[in-house]
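# Structure at a glance
Chain by chain, the residues:
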Amino acid sequence: MKRRFLAWWEDIRTGDLNPVMVRELRQYLRSRFANWIVILMLAGLVLVTMGFFAEARSRVTVTGVEIASGSGGAMFGMVAGVLSIASVLLALYTAQRMGAERDRQNLDLLFTTILRPGQVVRGKLFAGLAMFSLFLSLAMPFMTMTYMMRGIDVRVILWGLLSLAVGSTLALSGAILLGCLPFGPLFRRGGIAFMVVFVWLSLGVVPFMLRMGSRAFRHSGVTLSGWDWQEASTIAAILVCAFVVPYSLSILLLSHARSNRFFPFRLTMTGLWLASMAVVAAQVYISSGGVADVFLPLWFIPGMVFFLALLQVSESMEDVPGPRVLRHVPRSFLGRLASFPFFTGGIQGTVWALALLVGYGAMATLLDPEAWVQGKEYGCIAVIFGYAVCYILTARLISARLPLSLRQGAGTPWLITLYMVATAAFVPVLVDNMRDNRTISFDLGSEPGNLFAMFRGNEDHYELHLLVAGIWLGAVLLLNLPRLFRTFAAFRRPAEEVATGSEP
């Protein structure tokens, strides 16, 4: 990490620019699509300005150069909206180019360069931000006109510009991740509609989460310069995660399949996990010393869902890394033990994801231990996620025991997990309908083992479900112990490198 920072500083000091950024900027300036974005944006800004000034002139008087109509805020919103549309179109173009370069039949920069995946992703991101700066400079004269309309001050304008910059950065990071996914032909064959829907939905999640955070922490009396400090820290953490997660996933997808590509990704996610838990602990310690009900949905649930998805991904991977990855394994036993969850591999990712999931539960218990005694909310949440973990681990065990003729590679654990979830969702509903029609008289009772039992009025039986989930989870973990020991025994440097003591 120190060498990377020194390399970045050397590039900045000597004036060496990222070659991917230079290449992308040249392509943007030559592209007809980018030129049409600029033309349409300028046309939209001119029409918006003409409309507001014509409407203001028709109903107020003009004194000098000032038009005291009080509609500057509305005009600024329209100008920012036009600039946001241009930014989204730029992000879509970036995703389309990234998807085209990911095509295996395209012998382009991504498959012939010796640049690191991080350099490629940063080059794409910096090029998009440079184009957004161009759009912003073109729209700046129109934004200054909003101040002439009155009804807006410099602080609102600065906050609006900051919001536009943050939104453009998030849109570009999401677009790069979308382009790294193996959907290159989809982008070139009418996939623009899918990208529009995806990007707009992604951008819509951020305001929704910000609004949740604003409502959640409105009750606190601790303020800092007019801002609720809990709200500000929550918003900042959400924005950081919304950028870092797509960025790290893009680097992961661009890395070579035989490299130790999960090592930096898992380190980054662990750092985000520790930072988010530190923010929650600081909020609890400084404010009231207890956890409000909003902490659970705002902090723990999204993170647990994300790590459940990563657990499913790891359960679909091979366990033993390749020889190229094993060359970087530490020689000491403690080093092997500490680095084992972060290296590329299936059981390694399982251990890592389970450790962070357990950490979520431990943090929630430490922050609010009375919640387990006074209420059942934490118990219901633990039941849901405990059953989800059991489904994922059981699917891997079933998949490993299927005949080779029935397996579909890495997709088999996914399919089995989906079948189990579908069974848990539809079978109880089917049984209830048959009982209502008096076809059968069988009653499922509290539905032990059902992932959706807590959503079907069985909250009072959460203790029974905790017991069932605990026994089930203990059984699947016990069955995975031989797999874990076998993989850890093979997790060592090759014999010839240990004997010679050579470095990779």
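The present account deals with the structure reproduced in this document. (Residues numbered from 1 in each chain as written. Predicted model: local features only at pLDDT ≥ 70, side-chain atom pairs only at ≥ 80, totals over all residues. Heavy atoms only, no water.)

## A closer look at the overall build of the chain
The helix and strand inventory of the chain stands at 20 helices and 4 strands. Burial statistics for the chain: of 504 residues in total, 43% are counted as buried. In the chain, once contacts between residues fewer than 6 apart in sequence are set aside, the share between residues at least 24 apart is 76%. Accessible area for the chain stands at about 27,100 Å²; split by element, carbon and sulfur atoms hold 68% of it. (Helix = DSSP H or I, 4+ residues; strand = E, 2+ residues; numbered from the N terminus. Buried < 20%, exposed > 50% of the residue type's maximum accessible area, 1.4 Å probe, protein only. Contact = heavy atoms within 4.5 Å. Areas by Shrake-Rupley, 256 points an atom, 1.4 Å probe, with all protein chains shown as cover.)

## Quick look at the pattern of salt bridges
Per the counting criterion, the structure on display carries 4 salt bridges. Notably, a salt bridge pairs Arg-97 with Glu-24, separated by 3.0 Å at the nearest N-O pair. Of the two residues, Arg-97 is situated in helix H4 (residues 72-101) and Glu-24 in helix H2 (residues 19-30); the sequence distance between them amounts to 73 residues. Under the relative-accessibility criterion, Arg-97 is labelled buried at 14%. With a closest N to O distance of 2.9 Å, Lys-124 and Glu-24 form a salt bridge. (Salt bridge = Lys/Arg side-chain N within 4 Å of Asp/Glu carboxyl O.)

## As for a nonpolar patch on the surface
A cluster of nonpolar side chains, namely Phe-33, Ile-85 and Leu-89, defines an oily patch on the protein surface of about 240 Å² accessible area. Mapping Phe-33 onto the fold places it in helix H3 (residues 32-57). (Patch = residues over 30% accessible without salt bridge, like charges linked within 9 Å, V, L, I, M, F, W, Y side chains within 5 Å.)

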